[in-house]
Amino acid sequence: MTVPTVTRQRSLTGRIVLTTVAVAVVAALAVAVVGFQLVRQESIAQTALVLRTSAQAVAVTPVSERPAFADRIERRSRGRVDVGFGGTGTVTGIGTRLPSGLEARLASDTRVAVRQVSGWRTLLVQAVPARGGGSVIAVEDVSVLHADAVLGRFAAALGIGLLVAVGLGVVVARVVTRPLRSVAATAARLAGGERGVLPVCSASVDGTVREVDDVRNALAVLDAELARSESAQREFLLSISHEFRTPLAAVRGYADALADGLVPPADIPRVAGVVRVETERLDAFVGDLLALARTEADDFPLHPEPVDVPLLVSASVLAWQGRAATVGASVVVGPGTRDARVVTDPQRLRQVVDGLVENALRVVDPGGHVVVHVTASSTAITISVEDDGPGIDPGDLHRAFVRGALRDRYRQERPVGTGLGLSIAARLVERLGGTIQAVPRTRGTAFRVELPTEPRHGSPDTTRTRA
């Protein structure tokens, strides 16, 4: 078994510091090499000028005073300058050991300006003609410019430069990476489940560079999309969980009726058929959940087809009669058209009707009535669900389809549910391309769903599954 090698990742701050120091080292070395050469050349030029000036000063003095003057120059230079005499066939007064060829030249020539390399030494020699004949020679060993003291000073300067580079690198790295660290922290919060942590902003934030702003805005868009998708999926799960209760309520109602002996033997096949239909609806809702898992859908998928609306309403009323009987109420199909067809999704339209009937049955008193009507015109089909319950105050009609609004308003006065039913019905009707409204009555409430007979924008002429 091969054990994977764990590579330690370096931080961006460390990389910036290392890069800054590396650049500083290269730059300092380049400056040191070039600077050393320039300093050396300039020092040699200045030394040559000093030697020539010293030699000329000695050359113009009287012959008798020249040795003493030369001695003063040597003492003043602390022995670096060696002054002697030549040009007369011999070289005298020079304590510095000269190469034989150079010494022979100085013995015969009265004007010499030369830099002579001899082994590890570099000699700078200036000879000028002297008054009365011969020459004055000034010599200095400039090998000191290669000495450890000079190189040590350059090394010290290089070290100081590196320390400054490290300090600047740390400061620059912290300044440059601060917005990146902020973005990384925001990404970690998103990964931890927080939402709404970053607004989308087209302008630069805190003077950050464009690339960092691009990353920040990309995270902001991701944040918004995650919040939208999770909210939609949460809404979908709440909706489908609520819708599971409708067929379960029908099955339970008929099961209770059967258990209590309220179903005549002749009606048992009909009741069994209703239970079978409701279990098929439960299976369809399970399919919705599977679609959510497979395709990451965040709303009910639509599958439009021609639908016989009166027949669908009759099936819904039949399913709810068992539940109505257990509370001493009745659910019936009222007078209306018996021939009304529309292209829509039958399962979603059934969800709407079931939700409205369930809502009505919850509020009617024993002996109350829920009536479902279907009417048709040349442009629309209308489904009305009317009850004779306590009704809704006219001032609350405008928020009847807001999730939880009626539940919070009437929970102390009457039985209430989860607060989801009417909001789910409104959303489904909107997706089906229709409209829904709550209409006050002298007693009770009526909910009217209107579906256009001709497809229009927003109607279910195509399947929509958001992902």
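Since this is a predicted model, take the numbers as computed values, not measurements.

1. Looking at the overall build of the chain
Step number 1: Assigned secondary structure in the chain consists of 10 helices and 11 strands.
Step number 2: The 467 residues of the chain split such that 41% are buried.
Step number 3: About 25,400 Å² of surface is accessible on the chain, with carbon and sulfur atoms providing 58% of the total.

2. Let's talk about the sheet that holds strand β9 (residues 380-387)
Step number 1: Strand order in the open sheet made by the 5 strands is β6-β8-β9-β11-β10, with mixed pairing throughout. Taken across any chain shown, the strands that pair with only one partner, and hence form the sheet edges, are β6 (330-333) and β10 (435-440). Ignoring which end each strand starts from, the neighbouring axes of this sheet average 15° apart.
Step number 2: Bridging between β9 and strand β11 (residues 445-452) involves 7 bridges; their strand directions are antiparallel. Bridge pairing links A380 to P452 in β11.
Step number 3: Against the sheet, helix α7 (residues 309-326) engages β6, β8 (369-376) and β9, with an angle of about 165° to β6.

3. Notes on the sheet that holds strand β2 (residues 112-118)
Step number 1: Here we have 4 strands laid out as an open sheet, ordered β1-β4-β3-β2, and antiparallel in their pairing. Of all strands in the sheet, those bounded by a partner on one side alone are β1 (81-86) and β2. Direction aside, the axes of adjacent strands within the sheet are offset by 20° on average.
Step number 2: Of the pairings in the sheet, the one linking strand β3 (residues 121-129) to strand β4 (residues 135-141) comprises 7 bridges and is antiparallel in character. From the neighbouring strand, L124 faces β4, where its bridge partner is E140.
Step number 3: Relative to β2, helix α3 (residues 100-108) is tilted by about 165°, and along the sheet it contacts β1, β2, β3 and β4.

4. Points about the nonpolar core
Step number 1: Core analysis: the biggest nonpolar cluster contains 43 residues, and L356 and L361 have the highest contact counts within it.
Step number 2: Mapped onto this core, the elements with two or more residues apiece are α7, α8 (346-363), β8, β9, α10 (421-431), β10 and β11.
Step number 3: With 7 residues, the single largest contributor to this core is α8.
Step number 4: Residues within four places of L361 in sequence aside, it is in contact with W320, R323, A324, A329, V331 and V370.
Step number 5: Core analysis: the second largest hydrophobic core is formed by 17 residues, A48, F69, V81 and A138 among them.

5. Points about the pairing of β4
Step number 1: Most of β4 is tucked away: 6 of the 7 residues are buried.
Step number 2: Of the strand pairs in this sheet, β1 and β4 are connected by 6 bridges, and their pairing is antiparallel. The partner of V83 across the bridge, within β4, is A138.
Step number 3: Linking β3 back to β4 in an antiparallel pair, the connection comprises 5 residues, with G132 at a positive phi of about 90°.

6. Focus: the environment of V117
Step number 1: Within the fold, V117 resides in strand β2.
Step number 2: Through-space distance from the C-alpha of V117 to that of P99 is 9.2 Å; in sequence the pair is 18 residues apart.

7. Structural notes on the packing of α7 against α8
Step number 1: Contact geometry of α7 with α8 gives a least axis separation of 10 Å together with a crossing angle of 40°. Taken together, the axes of α7 and α8 lie oblique to each other. As for how α7 packs across α8, the hand of that crossing is right-handed. Where α7 approaches α8, its residues V309, L312, A315, S316, A319, W320, R323 and A324 are matched on the opposing element by P346, L349, R350, V353, D354, V357, E358 and L361.
Step number 2: Grouping the amino acids of the contact of α7 with α8 by side-chain chemistry returns 11 nonpolar, 1 polar and 4 charged.

8. Some points on the pattern of salt bridges
Step number 1: What the rule picks out here adds up to 7 salt bridges.
Step number 2: Note that R75 is salt-bridged to D71, the shortest N-O span being 2.1 Å. With R75 and D71 both in helix α2 (residues 66-76), this residue pair falls 4 residues apart, about one helical turn.
Step number 3: Residue R75 is classed as exposed on the basis of its relative accessible area of 53%.
Step number 4: Here R362 and E358 are joined by a salt bridge, their closest N and O atoms 3.9 Å apart. Remark: E358 and R362 occur in helix α8; sequence separation between them is 4 residues, near one turn of the helix.
Step number 5: We classify R362 as partly exposed; its relative accessible area is 25%.

9. Concerning α7
Step number 1: Along its 18 residues, α7 runs 27 Å from first to last C-alpha, staying within 8% of the 26 Å computed at 1.5 Å per residue.
Step number 2: Residue W320 marks the point of greatest curvature in α7, where the axis turns by about 35°.
Step number 3: Within α7 the residues assigned to the buried category are V309, P310, L312, V313, S316, V317, A319, W320, G322 and A324.
Step number 4: Phi for G328, located one or two positions after α7, is positive at around 75°.

10. Side note on α3
Step number 1: Inspection of α3 places L102, L106 and A107 among the buried residues, and these make up the whole buried set. Taken down its axis, α3 places every buried residue within 140° of arc, on the same side. Within α3, the exposed residues directed more than 90 degrees away from the buried face are S100 and G101.
Step number 2: On its buried face, α3 sits against β1, β2, β3 and β4.

11. Observations concerning the environment of V352
Step number 1: Of note, V352 is situated in helix α8.
Step number 2: The spacing of V352 and V429 is 77 residues in sequence and 7.2 Å in space, taken between C-alpha atoms.
Step number 3: In contact with V352, other than residues within four places in its own chain, are A425, L428, V429 and V449.

12. Some thoughts on the side chain of S316
Step number 1: Relative to the helices and strands, S316 resides in helix α7.
Step number 2: Of note is the side chain of S316, whose polar atom sits 2.5 Å from the side chain of D354.
Step number 3: Not counting chain neighbours up to four residues away, the residues in contact with S316 comprise R350, V353, D354 and V357.

Conventions and cut-offs
- Residues numbered from 1 in each chain as written.
- Predicted model: local features only at pLDDT ≥ 70, side-chain atom pairs only at ≥ 80, totals over all residues.
- Heavy atoms only, no water.
- Helix = DSSP H or I, 4+ residues; strand = E, 2+ residues; numbered from the N terminus.
- Buried < 20%, exposed > 50% of the residue type's maximum accessible area, 1.4 Å probe, protein only.
- Areas by Shrake-Rupley, 256 points an atom, 1.4 Å probe, with all protein chains shown as cover.
- Pairing = 2+ DSSP bridges.
- Axes fitted to C-alpha atoms, helices over the stretch in contact; angles between N-to-C directions.
- Contact = heavy atoms within 4.5 Å.
- Core = buried A, V, L, I, M, F, W, Y, C linked by side-chain atoms within 4.5 Å.
- Parallel < 35°, antiparallel > 145°, perpendicular 65-115°, else oblique.
- Left-handed = near helix turned anticlockwise from the far one by under 90°.
- Nonpolar A, V, L, I, M, F, W, Y, C, P; charged D, E, K, R; others polar.
- Salt bridge = Lys/Arg side-chain N within 4 Å of Asp/Glu carboxyl O.
- Expected span 1.5 Å × (residues − 1).
- Bend = angle between axes of the 7 residues up to and from the residue.
- Arc of directions from axis to C-beta.
- Polar contact = N/O pair within 3.5 Å; in protein donor to acceptor, adjacent residues only side chain to side chain.

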